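Here is how the chains run, residue by residue.
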Amino acid sequence: MNIEEKYESETSFSHWLVPEFPFNLILDFSNFITLTILLFFISKKLQLNFNLYFIFALMMLTPFLFNGSLLEWTNFPDQSKYISAARDIRSNLLYPQNIIDQFKISNRITVNFSAAIYSLFPSTNFETYRSIGFLNRFLLILIIAFCISKKTLPASLKIFLILSPSLTLYSSISLREVLILFIMVFLTYNIIIKNKSYTSILAISLLIIKPQNLLIVVVPFLLQEVFSTKKTKKKYLFIILSLIISLILILNYAEIFNKINSVSYGFFFETYGGYQGSFIKEQFIKYTPSNILSKLGLGISKVLISPFPNISSASLMIIFFENLIIYTLIYHHLFKELFKKNFDQKIKLFWIITLLFSLIMYSIVSFNDGTIHRYKLVILGYILIGYNLHRSSYKLNI
């Protein structure tokens, strides 16, 4: 049975009739079984016990709960873009010119590149809305399994990654949040072990998919290089570069503010344009040298407290309490005993600066609770995992 599609001018479609029962279930089970078997061999390779593998196998079932069970695919309509592109690329792997042509005619390079990565994983098909959901679940489990094998995560963080309602949701549907987190975590690991080949591949991939997140990954290691007590020459180089960059920023501040406002307005229009119509520009408040600090402060506050005060459903209440758990973990790992002179103090400061940088950057483009939550989940999850990877690199031979 073929899937009927209605294509737009780019790699996406506005309507999809999935295969009927039981064919859709057979397709989903084929993905589930393939990836669960592969997970068994990976667990053996990482020397993880069978009980842990059994937990991972149970975790692989969660995509069955979404896109037709607890939630319809229309709750996350962007899934169609990734599934469509992944299916097209997978079907043309033996015809690379067709793939090149697809990239040329589409202006969705981030969607196509993400889909290209998904198409290389050993799933059996991209024929249902759960297809990439199984791959995302597989990627999250790989992050957890890898960190457990390297003994880099404390028990509280392992439990959170396994049981987090939001991570369960976003790793069970066909969006790219977990793929971004996966690339960020393994890019961090390869920076730490100085594997230049994998670092280059992962950095380029992240640059194409989510360039701002590449900056987030680089910041703590750049700070480490600059403020290492044994590298005085690099300190002077950093001072000189900082002065040059500051001069460039001062001389080009107008263009910089125009760019910030252009990007911010694009997200503002995406959120409110359909409701405000022709009055949308009047509602948008531009960033200026006189208001940037106050606007960033308000933006960061909104990102941190979201979805409060708009808690109008049980799901938003769950997100609110989940945020409290995340902030507790961040306090425990980054801020507790921060001013105590010990082994971890400098690394904590690097990651706190990275956290602040991330919040500033995403406060500019986040206007609704749904978008804020998606961005915040990836960033805060990465900060917790990345900090523990970085910290453990000095204590263990990872």
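The structure presented is a predicted model; accordingly, all values stated were derived computationally and were not measured. (Residues numbered from 1 in each chain as written. Predicted model: local features only at pLDDT ≥ 70, side-chain atom pairs only at ≥ 80, totals over all residues. Heavy atoms only, no water.)

1. Thoughts on the overall build of the protein
In terms of regular secondary structure, the protein is built from 18 helices and two strands. Per-residue burial for the protein yields a buried fraction of 49% across its 398 residues. On the protein, roughly 20,800 Å² of surface is accessible, and the fraction owed to carbon and sulfur atoms is 67%. (Helix = DSSP H or I, 4+ residues; strand = E, 2+ residues; numbered from the N terminus. Buried < 20%, exposed > 50% of the residue type's maximum accessible area, 1.4 Å probe, protein only. Areas by Shrake-Rupley, 256 points an atom, 1.4 Å probe, with all protein chains shown as cover.)

2. Things to note about the layout of surface pockets
Roughly 590 Å³ of volume is contained in the second largest pocket. Grouping the constituent residues of the lining of the second largest pocket by class yields eleven nonpolar, eight polar and two charged. (1 Å grid on protein atoms, 1.4 Å probe; cavity = no way out; pocket = protein on both sides within 12 Å on 5 of 7 lines; lining within 4 Å. Points joined across faces, edges and corners; volume = space filled by probe spheres on them. Nonpolar A, V, L, I, M, F, W, Y, C, P; charged D, E, K, R; others polar.)

3. Here's the deal with unusual backbone geometry
Residue S306 is joined to P307 through a cis peptide bond whose omega torsion reads 15 degrees. Here P307 shows up in the loop between α15 (292–305) and α16 (314–335). The backbone phi angle of Q47 is positive, close to 60 degrees, even though this residue is not glycine. The exposed category is assigned to Q47, whose relative accessible area is 72%. The residue K194 is not glycine, and still its phi comes out positive at about 60 degrees. Its place among the elements puts K194 in the loop between α9 (177–192) and α10 (196–209). Note on K194: relative accessible area 68%, which makes it exposed.

4. Observations concerning the side chain of T188
Assignment of secondary structure puts T188 in helix α9. In this structure T188 comes out as buried when scored by relative accessible area, which is 0%. Leave out the neighbours within four places in its chain, and T188 touches V217, F221, Y382, G386 and L389. (Contact = heavy atoms within 4.5 Å.)

5. Some remarks on the packing of helix α2 (residues 50–59) against helix α6 (residues 131–149)
It is at 10 Å that the axes of α2 and α6 come closest, and there the two elements cross at 160 degrees. As the angle between them shows, α2 and α6 are arranged roughly antiparallel. Judged by the twist between their axes, the crossing of α2 over α6 is right-handed. When α2 is examined against α6, the residues L52, F56 and M59 are found in contact with a partner set consisting of R137, I141, I144, A145 and I148. Looking at side-chain class alone, the contact of α2 with α6 contains seven nonpolar, no polar and one charged residues. (Axes fitted to C-alpha atoms, helices over the stretch in contact; angles between N-to-C directions. Parallel < 35°, antiparallel > 145°, perpendicular 65-115°, else oblique. Left-handed = near helix turned anticlockwise from the far one by under 90°.)

6. Structural notes on the pattern of salt bridges
Evaluated as defined, the whole model comprises three salt bridges. Here D28 and R130 are joined by a salt bridge, their closest N and O atoms 2.9 Å apart. Taken as a pair, D28 in helix α1 (residues 23–45) and R130 in the loop between α5 (109–120) and α6 lie far apart in primary sequence, 102 residues in all. Measuring nitrogen to oxygen at the nearest pair gives 3.1 Å for the salt bridge that ties R374 to E177. Of this pair, R374 sits in helix α18 (residues 369–392) while E177 sits in helix α9, placing them 197 residues apart in sequence. Among the residues examined, R374 registers a relative accessible area of 24% and is labelled partly exposed. (Salt bridge = Lys/Arg side-chain N within 4 Å of Asp/Glu carboxyl O.)

7. Remarks on a nonpolar patch on the surface
The grouping of L237, I240, L241, I244, I245, I248, L249 and I256 at the surface amounts to a nonpolar patch, some 700 Å² of accessible area in total. When residues of the nonpolar patch are assigned to their parent elements, the largest contribution, seven residues, is made by helix α12 (residues 232–251). Looking at the element boundaries, I248 is found in helix α12. (Patch = residues over 30% accessible without salt bridge, like charges linked within 9 Å, V, L, I, M, F, W, Y side chains within 5 Å.)

8. Structural notes on the packing of aromatic side chains
Both the distance between ring centres and the angle between the ring planes are used here to describe each pair of aromatic rings. For the coordinates displayed, the defined rule picks out 18 aromatic pairs. Judged by centre distance (6.1 Å) and plane angle (85 degrees), the rings of F29 and F32 are edge-to-face. Taken together, the residues span about one helical turn, with F29 and F32 both in helix α1 at a distance of three residues. Accessibility expressed as a relative area gives 36% for F29, which makes it partly exposed. Where Y265 meets F284, the ring centres are 5.4 Å apart and the plane angle is 70 degrees; that geometry is what we call edge-to-face. Of this pair, Y265 sits in helix α13 (residues 253–276) while F284 sits in the loop between α14 (280–283) and α15; the two residues are 19 residues apart in sequence, bridging distant segments of the chain. A residue is classified by how much of its surface remains accessible, and F284, at 11% relative accessible area, is buried. (Phe/Tyr/Trp six-rings, centres within 6.5 Å; stacked < 30°, edge-to-face > 60°.)

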